[in-house]
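# Coordinates in review
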Amino acid sequence: MRALKAFLLGTVAIGVVAYAVVAGLVVVVQADGRTLDLGIGPVLIASVAVEGTAKVATFGPGLILVALLGGVVNLVAAELIRDRSRG
Amino acid sequence: MIAASDTVSLAPGVGLGQGALEDRVRGHAWPLNSSGAFVLARAGRPVVRELAEAFSLPVEVARADVLHFVWLLNGLALVNVESQMSRPRRFTEWLQLAVRLAPAGTMPAPVARRRALDTRTARRAFVSSLAATLPRACLVASAATVLAVHFAVILGAGLVVPVLIGLGTGLGLGLHEAAHAALLRGVPSALVIRGRRTYVLHAPVTPGRRAAVALGGPLAVSALGVGLVLGGIVAAAPALAAAGWPLAAHALALTVAGGDGRVACGL
């Protein structure tokens, strides 16, 4: 249960921060009239593309991946803290 | 840093009982010996010479004893240290001490200050916590603004975004603690500021409520931050989205890197 809590809290925390940063970045890029293509390897996080006269912003599954990685890191850190407090 | 001219006062929610120092917030009492009771009964005025005379001690020994006792109690947020110096003078003294300690790779020890919180209703708790954190929030907002403006000038950007980021940083601190306090309705609580740390001290509650209180602060502020970012997207206003960044960053307190996250995980 404790491990699940650590994983979920880490996922939510990193997910929220990643979303805020990426979404803010997308707004800035759109306002400047530039394009953006952000991803982890082939996995898209966010992109801003120009299609005709319109600018199209897309959020990809990379955000979820980043959030899940955050959950795993938080879980590992929680276990390390627990081990240290036991020892 | 505690200067020889400083005096102490009992922190809000702390009182002298029958031979003990009672903390109504924690619900604990610490037994006092005669010299401890003597010092605390004279809180608010210089006590070293009186103590030396009453207990037939050399003044230097009495001063060292009082200083050790006050550090101990202040470390537990049971007494507040009242400086008799002006702020600029205190800052100068702190700076001199910091320079002297620098070769040892350490800084002057921070002094804790405890402020009262009125938790009779959630609204009172929220407002009293905001009031208690206001000086700290203003300081943090100013520092963050200066830092953000510095980077904006280097990057040749405008000043609206860094100012909003600075304001958001200060506001986030105030709202974070206020959200904790609001969730402690009916529970004796106090706000403690020690060095870089700001936290709400409260009476024991059930584990579930403790976790809810811990999660409430970062969740409330980060939700507001995400709301501002979404508002920035809808209004196509980058400045609004940027103002949401420091607030959304409070979500990091949910991880075990933050005290709230460790409490929520039962660590």
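Residues numbered from 1 in each chain as written. Chains lettered and ligands numbered in written order. Predicted model: local features only at pLDDT ≥ 70, side-chain atom pairs only at ≥ 80, totals over all residues. Heavy atoms only, no water.

### Thoughts on the interface of chain B and chain A
In plain terms, the rule: It only takes one pair of heavy atoms within 4.5 Å for two residues to be counted as in contact. As used here, buried area is the combined drop in accessible area, with a 1.4 Å probe, of two parts when they are placed together. Criterion for a salt bridge: a side-chain nitrogen of Lys or Arg within 4 Å of a carboxyl oxygen of Asp or Glu. Under this definition, polar contacts are N or O atom pairs within 3.5 Å; protein pairs additionally need one hydrogen-donor-capable and one acceptor-capable atom, and for neighbouring residues in sequence, both atoms have to be side-chain atoms. A run of DSSP states H or I qualifies as a helix once it reaches four residues; a run of E qualifies as a strand once it reaches two. Both are numbered from the N-terminal end. For this classification, the nonpolar set comprises Ala, Val, Leu, Ile, Met, Phe, Trp, Tyr, Cys and Pro, the charged set comprises Asp, Glu, Lys and Arg, and every other residue, Gly included, is treated as polar.
Contacts between the two partners involve 25 residues from chain B, matched on the other side by 24 residues from chain A. Carbon and sulfur atoms supply 83% of the area that chain B and chain A bury against each other, a total of about 1,800 Å² over both sides. Taken together, the links from chain B to chain A amount to zero salt bridges. Counting the contacts that link chain B with chain A gives three residue pairs in polar contact (both at pLDDT 80 or more). Looking at the side of chain B that touches chain A, the elements that each hand over two or more residues are α7 (207-234), α8 (238-248) and α9 (259-264) of chain B. Sorting elements by how many residues they give to the side of chain B that touches chain A places α7 of chain B first, with seven residues. A per-class count over the side of chain B that touches chain A returns 19 nonpolar, five polar and one charged.

### Examining the domain arrangement of chain B
The extent of an interface is frequently quoted as the accessible surface area lost upon association of the parts. All names here are of chain B. To keep things clear, this is the line we draw: Domain boundaries shown here were taken from an automatic or database domain assignment.
Taken domain by domain, chain B consists of domain 1 (7-110) and domain 2 (117-264). On a C-alpha basis, the centroid separation for the pair domain 1 and domain 2 is 31 Å. Listed as interface residues are eight residues of domain 1 and, on the opposing side, ten residues of domain 2. Carbon and sulfur atoms make up 64% of the area that domain 1 and domain 2 hide from each other, which totals about 650 Å². In terms of surface lost to domain 2, no three residues of domain 1 exceed Val-25, Arg-26 and Pro-110, which account for 67% of the buried area on that side. Counting every contact that joins domain 1 to domain 2 gives zero salt bridges. Applying the counting criterion to the domain 1 and domain 2 interface returns three residue pairs in polar contact (both at pLDDT 80 or more). Residues that form the side of domain 1 that touches domain 2 fall into these classes: four nonpolar, two polar and two charged.

### Describing the nonpolar core
Put simply, the test is: Residues grouped as a nonpolar core are buried Ala, Val, Leu, Ile, Met, Phe, Trp, Tyr and Cys residues, joined through side-chain atoms within 4.5 Å. For every residue, the accessible area (1.4 Å probe, protein chains only) is compared with the maximum for its type, and the residue is labelled buried under 20%, exposed over 50%, or partly exposed between those bounds.
Leu-21, Leu-40, Val-66 and Leu-73 of chain B are the most contacted members of the largest nonpolar core, which has 21 residues in total. At the level of secondary structure, the elements contributing two or more residues to this core comprise α1 (34-41), α2 (48-54), α3 (59-75) and β5 (79-82) of chain B. Apart from the residues within four sequence positions on either side, Val-66 of chain B is in contact with Val-39, Val-47, Val-48 and Leu-51 of chain B. The next biggest cluster of nonpolar side chains, apart from the first, holds 16 residues, and it includes Leu-9 and Ala-23 of chain A together with Ala-251 and Leu-254 of chain B.

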